[in-house]
Amino acid sequence: MTVREHLEPGPDHPITTTPTAGRVVARVGDTVVADTTAALTLQESTYPGVQYLPLADVDGRYLQRTGTHTWCPYKGEASYYSLLVDGTELTDAVWTYEDAFPAVAEIAGHVAFHPDRVDVSVEG
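Here the structure is a predicted model, which is why all the values come from computation and not from measurement. (Residues numbered from 1 in each chain as written. Predicted model: local features only at pLDDT ≥ 70, side-chain atom pairs only at ≥ 80, totals over all residues. Heavy atoms only, no water.)

## A closer look at the nonpolar core
Part 1 of the reasoning: Formed by 19 residues in total, the largest nonpolar core has its most connected members in V28, V33, L83, V94, F113 and V118.
Part 2 of the reasoning: Looking at this core, the elements with two or more residues in it are β2 (23–28), β3 (31–36), β7 (76–85), β8 (88–96) and β9 (110–113).
Part 3 of the reasoning: If we skip the residues at most four places from it in the chain, V94 touches L63, S79, Y80, Y81, L83, V111, A112 and F113.
Part 4 of the reasoning: Formed by 14 residues, the second largest nonpolar core is a distinct cluster that contains Y52, W95, A100 and A112. (Core = buried A, V, L, I, M, F, W, Y, C linked by side-chain atoms within 4.5 Å. Buried < 20%, exposed > 50% of the residue type's maximum accessible area, 1.4 Å probe, protein only. Helix = DSSP H or I, 4+ residues; strand = E, 2+ residues; numbered from the N terminus. Contact = heavy atoms within 4.5 Å.)

## Thoughts on the sheet that holds β7
Part 1 of the reasoning: Taken together, seven strands build an open sheet; the order of strands is β1-β4-β5-β9-β8-β7-β6 and the sheet is antiparallel. Here the strands that pair on one side only, and so sit at the sheet edges, are β1 (15–19) and β6 (63–72). Adjacent strand axes in the sheet meet at a mean angle of 35°, parallel and antiparallel pairs treated alike.
Part 2 of the reasoning: Here two bridges tie strand β5 (residues 50–54) to β9, and the two strands are oriented antiparallel to one another. (Pairing = 2+ DSSP bridges. Axes fitted to C-alpha atoms, helices over the stretch in contact; angles between N-to-C directions.)

## What to know about unusual backbone geometry
Part 1 of the reasoning: Positive phi values are uncommon outside glycine, yet S45 reaches one of about 50°.
Part 2 of the reasoning: Despite not being glycine, D92 shows a phi value in the positive range, around 55°.
Part 3 of the reasoning: In this structure, D92 sits in strand β8.

## So, the packing of aromatic side chains
Part 1 of the reasoning: Per the stated rule, a full pass over the model turns up two aromatic pairs.
Part 2 of the reasoning: Ring geometry for Y52 and W95: centres 6.4 Å apart, planes at 85°, overall edge-to-face. Remark: W95 occurs in strand β8 and Y52 occurs in strand β5; sequence separation between them is 43 residues. For the pair Y52 and W95, a shared accessibility class is recorded, and that class is buried. (Phe/Tyr/Trp six-rings, centres within 6.5 Å; stacked < 30°, edge-to-face > 60°.)

Now the structure itself:
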């Protein structure tokens, strides 16, 4: 069994989670797959901010859970979904930290979308 490293955010690797002002919409082409006014912006170190949307605000007709899992020492284990839109499968285009570490516990129950496959826009 492999021991997975668990790191805490700090001055060398800050992570903040704040409510996103406005409405966040995720689209694949012209299809809206998620729409919410309850998104969170996670800013991790020098990476671009990521929008985390409540899973409840994602249209479940498009989601298909996969067996993919990845590890982040700051956030925990991520699980993935594919999006099935208009006969096209976008494999592992959505991720979630279902049991996010305490430092980022706010993102549990939320999902994020790969920006190269899903257009996520903040409106308003």
